[in-house]
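Letter by letter, the chains look like this.
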Amino acid sequence: MRFLSLLLLGSGAALSGSPPSNSIPVIAMKSGQDSTMCDITLDFLCMLSWHYFDGIEIQGWTGCEPMTTVADLCDRTGMYATVSPMYLGHLGDLFCDDNWARGSAAIGAVNAFVQSSDSGESITAAQDAAAMRDKLIYYCRALIDDEGGWETLWYYDTWNEAPAWQRNRMISESFAYDDYYPGMFTQDTSMSEVLDTGVWSWTSWMLDSLGSEHPLTSTFSTMHKIYTWAGYQTLNYPTAPTFHTQANSVRAFIGMEYQEYDPTPPAPGAVENRPRLLGCNAYPFRLVGSTYEDTTSVSVLGDSLHTWMLEHYEEGLDSTIVVAALEDHFPVHYHPQAFGLCGGEQMWVIDTIYSPPDTSIGYASYRYRIPSPAEFRMLCNLALLRQAKGVFPYSVRGYSEEGACFAGLLDEDLIPWDAPYEEWVYGERPTDDFSHAPPDCFPPFRDGFDPLFELAPRPTTSGARARQDYLEWKFGPYASLWHSMRETLGEIAWIAPELSGLWWWDGGYIEWGVGGLLGLKGGPGTASEAWSGFGEGWSKGGQGVINDFTGGLFDSQYGLFYDSFDKLDKEAFGSGIKCDSAFKFGSNAGRVAEGSLLAAGAVYGAFYAPGTSIFYSGSAAEAEALSMAAAGEGSTILNTLGGRFLVWTGTRSQFLWGNASSIYASVSSSEAVVLVGASGGSTLGTIEIPILVQNGVRLIVYTVGF
């Protein structure tokens, strides 16, 4: 039904180029580059839509085949598209031979802008500011002309991971001309300022000035410092950036300015050149190092090494998504890890000394591995809790690079890993065990790693059927993450618009977000004071609680940390919270988190009250309710999206209802006390009802039985 609706929609009125503001768009990253876009078919887009994807990411030359075909398909189906256009990408991307940057000479010099070789060993060309401006105008105008009325084109993403690449070259002695690539930031290694005469700022300004309807942005990788992990010491640890540097780069990007070059004095001042969004990737799931394997015998899902890496990357998300949202709610789209090393030279220990040679799996530290479905869901929710405004899984397509083979959600031909044998055996998918390792060799498929996954035994078929049975057994587990997407992304589409409004509840008050903006700082008698017990368990230090609720990484009944979660739950709420069975947000979700989601729905839903209703409880609220009725005013949590969510889940926790109601009263300027209780509450009588009706107030009475 989903893709049929999109097809019907595509045949009607033209679609906007950006998703609705009250949605959490899901984009399939690495869908196609240049010639591989030929794999993008109508069937593929419909399949993505069925799995709750809203669009695709592609790279190439707009206005040329095969991108024009893809543009037509997107417009017909209503699938949004983000594009890495070669018109702009080749000006600064790492692996192109035309990367230009602001040099060290004065802006009026003949060599104000320079081009360096990819290796940074030499300057290959130079030009003055006027020539650079003309070059940028030419490419931006060509890009706009080639858009050709593409209705579902959203934005341009280029210079991928430019902040990290620039800083790496700035502190590496191996690059003689590290000042010249990629020219996004100034040459201060603190990364605290985007260069207002740099190529990036100028490109963004030119694109907007020429009337492009599509913003320009870049994806930020996580710059971080790790000394040792799994027995592996980071070589560049002394010069590696900290998360403070990451936060600096994000703030600098958001506060970007533009300074025009004018040879006639006086020189013009810099003006605001604020971008409109940014992307963020963080890929915490790795193959465990050999030292760790040797000392502990076995690696399992959720052990200390994996959770350490996860917590480390959570700090990276804090330094990116949280920092951006604090800058006037600047939107960040998160790219959760949906890929992993599955074969190639980087994966195998190939020792030719022995006969036969040793070809065992080499668990080299820092090599990526495929996340389990539960881990992927957890990554998405961790980002949404920090107010990420989009989820872009990387990557939908498997790929090979630098001697390594990586599995994505689908194979390199965009075919599900467990598709019928005939669909892929004659295609490009390598079937040898060197390119794609058997799943019993490495996590998350290896026996004993993931308690939620059980690998079938190797087939024992012989004869003509043996090859097919073996390959179907081998590739089947690779499809597990893809098959979890529909459930996971469907849940995200349902709850994420409200979930993304929840921020950390730390120290007994709402530190940021709605509560912080409205001054809810946890003083005596305020709504947020009631969350003091809950805040302790939902602080940034309570990573175990996060892990429990965000996707079943730890089974909340049988998992390793059940006792501690249960204790925290009871301390926070007085007794264990158990949601109605209809509440299916995530497999094995933690009960503590369910409570937080219910309350979050109340807070965020407060801004969606469609009418005027009055609810009150007890004599203390009666006078206020009557006064509001006389004025024809009133609103209630039960008349909001959040309130309806609370009712739908069937919760009977007086703690949740009382505090969610108090929070709602606070964020709606205390328009009403909104809880009606069966015990100790009063009911509307013959005096109140006529006043309400006379003033056109819609009357609903909801009694909660505790």
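Residues numbered from 1 in each chain as written. Predicted model: local features only at pLDDT ≥ 70, side-chain atom pairs only at ≥ 80, totals over all residues. Heavy atoms only, no water.

Our focus in this paragraph is the overall build of the protein. Check the secondary structure of the protein and you find 23 helices and 23 strands. For the protein, buried positions account for 56% of its 706 residues. By sequence separation, contacts in the protein at least 24 residues apart represent 73% of the contacts at least 6 residues apart. About 28,400 Å² of surface is accessible on the protein, with carbon and sulfur atoms providing 53% of the total. (Helix = DSSP H or I, 4+ residues; strand = E, 2+ residues; numbered from the N terminus. Buried < 20%, exposed > 50% of the residue type's maximum accessible area, 1.4 Å probe, protein only. Contact = heavy atoms within 4.5 Å. Areas by Shrake-Rupley, 256 points an atom, 1.4 Å probe, with all protein chains shown as cover.)

Of all 7 residues that make up strand β1 (residues 27-33), 6 are buried, and the element is covered over most of its length. As paired strands, β1 and strand β2 (residues 55-60) are joined by 4 bridges and run parallel to one another. Looking across to β2, one finds that A28 is bridged to I56. (Pairing = 2+ DSSP bridges.)

Taken as a whole and judged by the stated rule, the model has 31 aromatic pairs. Both rings, one in W205 and one in Y258, keep their centres 4.3 Å apart while their planes meet at 10°; by these two values the pair is stacked. Of the two residues, W205 is situated in helix α7 (residues 199-209) and Y258 in strand β12 (residues 257-258); the sequence distance between them amounts to 53 residues. W205 gets classed as partly exposed once you look at its relative accessible area, which sits at 28%. When the centroid spacing of 5.0 Å and the interplanar angle of 20° are considered together, the rings of Y399 and F406 count as stacked. Grouping residues by exposure puts Y399 and F406 together as buried. Through a chain of ring-to-ring contacts, the aromatic side chains of W417, Y421, W424, F442, F445, F453, F475 and Y478 assemble into a single cluster. (Phe/Tyr/Trp six-rings, centres within 6.5 Å; stacked < 30°, edge-to-face > 60°.)

As a further point, take the pattern of salt bridges. One pass over the structure, following the stated rule, counts 11 salt bridges. Note that R276 and D208 form a salt bridge whose closest N and O atoms lie 3.1 Å from each other. Taken together, the residues span a long stretch of sequence, with R276 in the loop between β13 (271-272) and β14 (278-281) and D208 in helix α7 at a distance of 68 residues. In this structure D208 comes out as partly exposed when scored by relative accessible area, which is 34%. Ionic pairing is found between D433 and K474, a salt bridge with its closest N-O pair at 2.9 Å. Residue D433 is located in the loop between α12 (421-424) and α13 (466-475), and its partner K474 is located in helix α13; the two are separated by 41 residues in the primary sequence. Of the residues examined, D433 reaches a relative accessible area of 29% and is grouped as partly exposed. Each of E314, D318 and R386 takes part in a single network of salt bridges with overlapping partners. (Salt bridge = Lys/Arg side-chain N within 4 Å of Asp/Glu carboxyl O.)

Moving on: the sheet that holds strand β5 (residues 113-116). With antiparallel pairing, the 3 strands of this open sheet are ordered in space as β4-β5-β6. In the strand order of this sheet, the two ends are held by β4 (100-102) and β6 (123-127), each with one partner. The average undirected angle you get between the axes of adjacent strands in this sheet is 30°. Taken together, the 3 bridges between β4 and β5 define a ladder with antiparallel strand orientation. Considered in β5, the bridge of W100 is made with Q115. (Axes fitted to C-alpha atoms, helices over the stretch in contact; angles between N-to-C directions.)

Attention now goes to the confidence of the model for the protein. Here the protein averages 73 in pLDDT, while 62% of its residues score no lower than 70. Counted against residues more than four places away or in other chains, residues 503-621, with its pLDDT under 50, gives 269 contacts. Contacts from residues 651-655, a stretch scored under 50 in pLDDT, to residues over four places away or in other chains number 15 contacts. (pLDDT = per-residue confidence, 0-100.)

Take the sheet that holds β14 next. Strand pairing in a sheet takes place through backbone hydrogen bonds and is either antiparallel or parallel in direction. Strand order in the open sheet formed by 4 strands is β9-β14-β15-β19, and the pairing between neighbours is parallel. Each of the sheet's edge strands pairs with one partner strand only, and the pair in question is β9 (219-220) and β19 (390-391).

On to unusual backbone geometry. In the segment running from E65 into P66, the intervening peptide bond is cis, with an omega of 5°. Topologically, P66 is positioned in the loop between β2 and α3 (67-77). Phi angles above zero are rare outside glycine, and W159 is one such case at about 55°. Looking at where W159 falls in the secondary structure, it is placed in the loop between β7 (153-157) and α6 (162-170). With relative accessibility at 3%, the residue W159 sits in the buried group. Even without being glycine, E402 reaches a positive phi, approximately 50°. Topologically, E402 is positioned in the loop between β20 (399-401) and β21 (404-407).

A few words now on the pairing of strand β15 (residues 332-335). By the alternation rule, side chains of β15 split into V332 and Y334 and H333 and H335, which are all buried. Looking at chain direction, β14 and β15 are connected through 4 bridges and run parallel. Paired with N281 across the two strands is H335, which belongs to β15. Taken together, the 2 bridges between β15 and β19 define a ladder with parallel strand orientation. The partner of H333 across the bridge, within β19, is G390.

Because an α-helix packs 3.6 residues into every turn, residues spaced three or four apart end up facing the same way. For α6, the tally of buried residues reaches 7 of 9 residues, placing the bulk of the element in the interior. Considered for burial, the residues of α6 that qualify are A162, P163, A164, Q166, R167, R169 and M170.

Attention now moves to a negative patch on the surface. Together, D188, E193, E257 and E272 line one region of the surface with negative charge. With respect to the helices, strands and loops of the structure, E272 is situated in strand β13. The exposure class assigned to E272 is exposed, which follows from its relative accessible area of 60%. (Patch = residues over 30% accessible without salt bridge, like charges linked within 9 Å, V, L, I, M, F, W, Y side chains within 5 Å. Lys, Arg positive; Asp, Glu negative; His and termini not counted. Charge placed at Lys NZ, Arg CZ, Asp CG, Glu CD.)

For helix α2 (residues 42-50), every residue scored as buried is listed here: F44, L45, C46, L48 and S49. Note on α2: the residue one or two positions beyond its end, Y52, has a positive phi of about 70°.

Mapping T186 onto the fold places it in the loop between α6 and α7. Residue class for T186 comes out buried when judged on its relative accessible area of 15%. Discounting chain neighbours no more than four positions away, the residues touching T186 are Q166, M170, E193, V194 and L195.

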